[in-house]
Amino acid sequence: MKRFIALLSTVLLAVGLHAAPIEDRSATANGVQLHYLQAGAGDETPVVLLHGYTQTSRMWRPLMAQLSDRRVVIAPDLRGAGGSAKPDGVYDKKSLAQDVHALVASLGYRKVKIVGHDIGLMVAYAYAAQYPAEVESIVLMDAFLPGVGDWKNVWLLRDLWHFHFHGDTALQLVQGRERIYFEHFWNDFAADRTRSLSEADRQFYTAAYAQPGGMKAGFGYFKAFEQDAADFAGFARVKLQQPMLVLAGEKASGTFLIEQAKLVDTQVEGVVIPGAGHWLMEEAPGQTIPRLVEFLNRR
């Protein structure tokens, strides 16, 4: 664990100015030890950033650098990922959202703006659906909402095998070959694999998930989809009222996630990023980050 945390590094603002320091922290929330990044200060509503599968809170560092001038920004490693605990048990997104809510509450914040990519968007939606009075706005980034609309007819399900790839045999097959497995996601879900995750990121995330219990926990995110679908179908009976921004890659989710979002929220602003695949922060930072900053800076 110490070796993994030591790999974390601070980045500079895109404009060349030094960002507010990004600190590594740890807390026990909802009975789970969570590692999280925190930066910034100010009176504006805190922002919570939730990563997706094959990644950790590290993915948000460039965005944290541009949000932390006027508020606190928090980016946890979800239960089972990065520096957070990897307990046996279920990894349904409702429970992961409860982890994040307990963390936010322990830090003394009641209202937040919440952003999620991939698995993280499912956790972000589950957070907003369970605690609607405590969410000021929400961003969903390129994936889908299990149980909402025609959710099984989605681009990301074209390779359905990996959502059923879990259990002892799967764990034995990927042990020591975690990078080979992850390359499928990083390359095949990108519009152009040469513009996907950097080599440094690939090494970092491979090491993070290769920790004891890491791959089993990651498989657990997929194993829980049936429960997530049931939970989300229930949540969707009451539409959210918060402003919601949906960002999707033209070569990935496209308009599918935007149409799903309209089934669960009354104030949806959808943006398709031209030429981008699934990895919006890495493939199209020049289009993605300004959109996020503008939306999150709205009062």
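Quick summary incoming for the structure in this document. (Residues numbered from 1 in each chain as written. Predicted model: local features only at pLDDT ≥ 70, side-chain atom pairs only at ≥ 80, totals over all residues. Heavy atoms only, no water.)

### A word on the pattern of salt bridges
Okay, so step 1: For the structure shown, the criterion picks out 17 salt bridges.
Okay, so step 2: With its nearest N and O atoms 2.6 Å apart, the salt bridge here joins R179 to E183. With R179 and E183 both in helix α6 (residues 178-188), this residue pair falls four residues apart, about one helical turn.
Okay, so step 3: Residue E183 is classed as buried on the basis of its relative accessible area of 17%.
Okay, so step 4: Close ionic contact of E259 with K262 constitutes a salt bridge, the shortest N to O distance being 3.6 Å. Of this pair, E259 and K262 both sit in helix α10 (residues 256-264), separated by three residues, roughly a single helical turn.
Okay, so step 5: In this structure E259 comes out as partly exposed when scored by relative accessible area, which is 45%.
Okay, so step 6: Each of E44, R70, R71 and R299 takes part in a single network of salt bridges with overlapping partners. (Salt bridge = Lys/Arg side-chain N within 4 Å of Asp/Glu carboxyl O. Helix = DSSP H or I, 4+ residues; strand = E, 2+ residues; numbered from the N terminus. Buried < 20%, exposed > 50% of the residue type's maximum accessible area, 1.4 Å probe, protein only.)

### A few points about α10
Okay, so step 1: Every buried residue of α10 is accounted for by L257, I258, Q260, A261 and V264. Buried residues in α10, looked at end-on, bunch into an arc of 160°, giving them a common side.
Okay, so step 2: Of the surrounding elements, those touching the buried residues of α10 are α4 (119-130), β6 (135-141), β7 (240-249) and β8 (265-273). (Arc of directions from axis to C-beta. Contact = heavy atoms within 4.5 Å.)

### Description of the sheet that holds β6
Okay, so step 1: Read across the sheet, eight strands follow the order β1-β2-β4-β3-β5-β6-β7-β8 without closing on themselves; strand pairing throughout is mixed. Edge positions in the sheet fall to β1 (23-29) and β8, since each has one partner strand and no second. Averaged over neighbouring strand pairs, the angle between their axes works out to 20° when direction is ignored.
Okay, so step 2: Of the pairings in the sheet, the one linking strand β2 (residues 32-39) to strand β4 (residues 73-76) comprises four bridges and is antiparallel in character. Paired with L37 across the bridge in β4 is A75.
Okay, so step 3: Relative to β8, α10 is tilted by about 170°, and along the sheet it contacts β6, β7 and β8. (Pairing = 2+ DSSP bridges. Axes fitted to C-alpha atoms, helices over the stretch in contact; angles between N-to-C directions.)

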